Amino acid sequence: MEENVLDKIKEEVKSFVGHRVSVKANRGRRKAVEKEGVLEKTHENVFVVRIKDHNQIRRLSYTYSDLLTDDVVVISKDDEVKIGV
């Protein structure tokens, strides 16, 4: 059952590859990081967001279970849709 939910999340994330997204990552102790970038690619256990940070290109990876637990919230910049839940 749990795997089925993660599979659905993976499929949805995959459908947004190449789209501009906003990522809000909860880092614990009331620390949250917000970044904007492009959903670059998906892998078996993680997906990668490419961001431009102080004129440097960085890649941040997150797990699909981060989306499931709301530790990470990804929103499409095109239509303001929350991805992965």
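All values derive from a computational prediction rather than experimental measurement.

Chemist: So what exactly am I meant to see when it comes to the pairing of strand S1 (residues 20–26) here?
Modeler: Consecutive side chains along a regular strand alternate between the two faces of the sheet. Note that S1 and strand S2 (residues 32–42) share 7 bridges and pair antiparallel. When the sheet's bridge partners are listed, Val21 is paired in S2 with Gly37. In textbook terms, the turn of a hairpin is the stretch between consecutive antiparallel strands, and for S1 and S2 this stretch comprises 5 residues, one of which, Gly28, has a positive phi near 80 degrees.

Chemist: Is there a simple way to think about the environment of Leu60 in this case?
Modeler: Within the secondary structure layout, Leu60 lies in strand S4 (residues 56–63). Judged by its relative accessible area of 15%, Leu60 is buried. Between the C-alpha atom of Leu60 and that of Phe47, which follows or precedes it by 13 residues, the distance is 8.4 Å. Other than its neighbours up to four places away in sequence, Leu60 contacts Lys35, Phe47, Val48, Val49 and Ile51.

Chemist: Sorry, what's going on with the packing of aromatic side chains here?
Modeler: The full count for this structure, using the stated rule, is 2 aromatic pairs. Aromatic pair Phe47 and Tyr62: ring centres 5.9 Å apart, planes at 40 degrees, arrangement tilted. With Phe47 in strand S3 (residues 46–53) and Tyr62 in strand S4, this residue pair connects regions lying 15 residues apart in the sequence. Like Phe47, the residue Tyr62 is buried in the burial classification. Arranged with centres 5.7 Å apart and planes meeting at 35 degrees, the rings of Phe47 and Tyr64 form a pair that is tilted. Note that Phe47 is positioned in strand S3 and Tyr64 in helix H2 (residues 64–68), a separation of 17 residues in sequence. As far as burial versus exposure is concerned, Phe47 and Tyr64 are alike and both buried. Among the aromatic residues, those joined into a ring-pair cluster are Phe47, Tyr62 and Tyr64.

Chemist: Just checking my understanding: could you explain the side chain of Asp66 for this structure?
Modeler: Tracing the backbone shows Asp66 in helix H2. For Asp66, which is buried and forms no salt bridge, the nearest opposite charge comes from Arg27, at a distance of 6.4 Å. In this structure the side chain of Asp66 is engaged in a polar contact, spanning 3.1 Å, whose partner is the backbone nitrogen of Thr63. When residues no more than four places from it in sequence are discounted, the contact partners of Asp66 are Asp71 and Val72.

Chemist: I would appreciate a short explanation of the side chain of Glu40 in the present structure.
Modeler: Mapped onto the fold, Glu40 is located in strand S2. By relative accessible area, which is 18% here, Glu40 ends up buried. A polar side-chain atom of Glu40 sits 2.9 Å from a polar atom in the side chain of Arg50. Contact partners of Glu40, with chain neighbours within four places excluded, come to Val17, Val48, Val49, Arg50 and Arg59.

Parameters at a glance
- Residues numbered from 1 in each chain as written.
- Predicted model: local features only at pLDDT ≥ 70, side-chain atom pairs only at ≥ 80, totals over all residues.
- Heavy atoms only, no water.
- Pairing = 2+ DSSP bridges.
- Helix = DSSP H or I, 4+ residues; strand = E, 2+ residues; numbered from the N terminus.
- Buried < 20%, exposed > 50% of the residue type's maximum accessible area, 1.4 Å probe, protein only.
- Contact = heavy atoms within 4.5 Å.
- Phe/Tyr/Trp six-rings, centres within 6.5 Å; stacked < 30°, edge-to-face > 60°.
- Lys, Arg positive; Asp, Glu negative; His and termini not counted.
- Salt bridge = Lys/Arg side-chain N within 4 Å of Asp/Glu carboxyl O.
- Polar contact = N/O pair within 3.5 Å; in protein donor to acceptor, adjacent residues only side chain to side chain.

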